[in-house]
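Next come the chains, spelled out residue by residue.
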Amino acid sequence: MTKLQVAIDLLTTEAALELAEKVAPYVDIIELGTPLIKAEGLKVITAMKAAHPNKLVFADLKTADTGALEAEMAFNAGADLVTVMGAVDDATIIGAIEAAKKAGKKVVVDTIGVKNRVQRAKEVTAFGVEFVELHAGLDEQALPGYNVQKLISEGREAQVPFSIAGGVNINTIKDVVAAGAAVAVAGGAIYGAEDPAAAAKALKEAIIA
Ligand SMILES: O=C(CO)[C@H](O)[C@H](O)COP(=O)(O)O
């Protein structure tokens, strides 16, 4: 069944822990967003894993170089999964995967900036990533004409384990599930909701339905 990943793109550890506490009953993976990690450092990973030891903690590093080093740093801080950019050299991705194998953890490749996401998804899957994040970042989402359905159709085409991230919400999550996504990522649809717990609950129920 598709897992639900909450992307916490807040800027303080306190706010992240408060949100996680509200939505933990409904999510499978807790993502510490890139801005959060840049604002708070690796300690936010440690704090989140300590607060939710039974949840998968996903450090959205968006690593672009020194894959082994950055992955090891995040794993040592408590992360279960880290992201490496799919647009960078294979060596960076492979290095992170080698660090993950040593730590018993996992790597996810983020396809922001990748021109042919389907082709790259197949390439990096062969390296041994946990899944590929077919992803439109917040800046891309703000561009005229953006539609998450393109990512969803690419997921169907790629035929590899994948997640969808890019403004997934209650109106699109069933399409994400129907496409066979391993993970549906929701950030703004949860942390931006008036009632984040209710939003996460509704998304989870939509997955299960
Ligand atoms: O990594 C990210 C942006 O770079 C976000 O965490 C990701 O896009 C999920 O958030 P949203 O559902 O708001 O798009």
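All values reported here derive from a predicted model rather than from experimental measurement. (Residues numbered from 1 in each chain as written. Predicted model: local features only at pLDDT ≥ 70, side-chain atom pairs only at ≥ 80, totals over all residues. Heavy atoms only, no water.)

**Regarding the pairing of strand E8 (residues 183-186)**
To keep it simple, the criterion reads: When a residue's accessible area, from a 1.4 Å probe over protein chains only, is under 20% of the maximum for its type it is buried; when over 50% it is exposed; and in between it is partly exposed. The helix count covers DSSP runs of H or I at least four residues long, the strand count covers runs of E at least two residues long, and both are numbered beginning at the N terminus. Any two strands are treated as partners once DSSP identifies two or more bridges connecting them. Handedness rule for crossovers: strands pointing away from the viewer, path from the first strand over the helix to the second running clockwise, crossover right-handed.
Burial along E8 is two-sided: the face carrying Val183 and Val185 and the face carrying Ala184 and Ala186 are both buried. Pairing between strand E1 (residues 3-8) and E8: four bridges, direction parallel. Bridging across to E8, Leu4 finds its partner in Ala184. Crossover strand E7 (residues 162-165) to E8 through helix H9 (residues 173-178) is right-handed.

**Considerations on the nonpolar core**
Definition in use: Buried Ala, Val, Leu, Ile, Met, Phe, Trp, Tyr and Cys residues that are joined via side-chain atoms within 4.5 Å together make up what is termed a nonpolar core.
Core analysis: the largest hydrophobic core is formed by 60 residues, its most contacted members being Ile8, Ile45, Val82 and Ile164. The biggest single contributor to this core is helix H5 (residues 90-103), with five residues. Core analysis: the second largest hydrophobic core is formed by nine residues, Leu81, Val108, Phe131 and Ala165 among them.

**Brief notes about the environment of Gly137**
With respect to the helices, strands and loops of the structure, Gly137 is situated in the loop between strand E6 (131-135) and helix H7 (138-141). Gly137 sits in the buried class, given a relative accessible area of 9%. The spacing of Gly137 and Ile164 is 27 residues in sequence and 11 Å in space, taken between C-alpha atoms.

**So, helix H8 (residues 149-158)**
Worth spelling out the cut-off: Each C-beta atom gives one direction from the helix axis, and the arc is the one those directions make. In this analysis, two residues are considered to be in contact whenever any of their non-hydrogen atoms come within 4.5 Å of each other.
Along H8, the positions that sit buried rather than exposed are Leu151, Ile152, Glu154, Gly155 and Ala158. Buried residues of H8 fall within an arc of 160° about the axis and therefore sit on the same side. Residues Lys150 and Glu157 are exposed on H8 and point more than 90 degrees away from its buried face. On its buried face, H8 is in contact with helix H6 (117-127), E6, E7 and H9.

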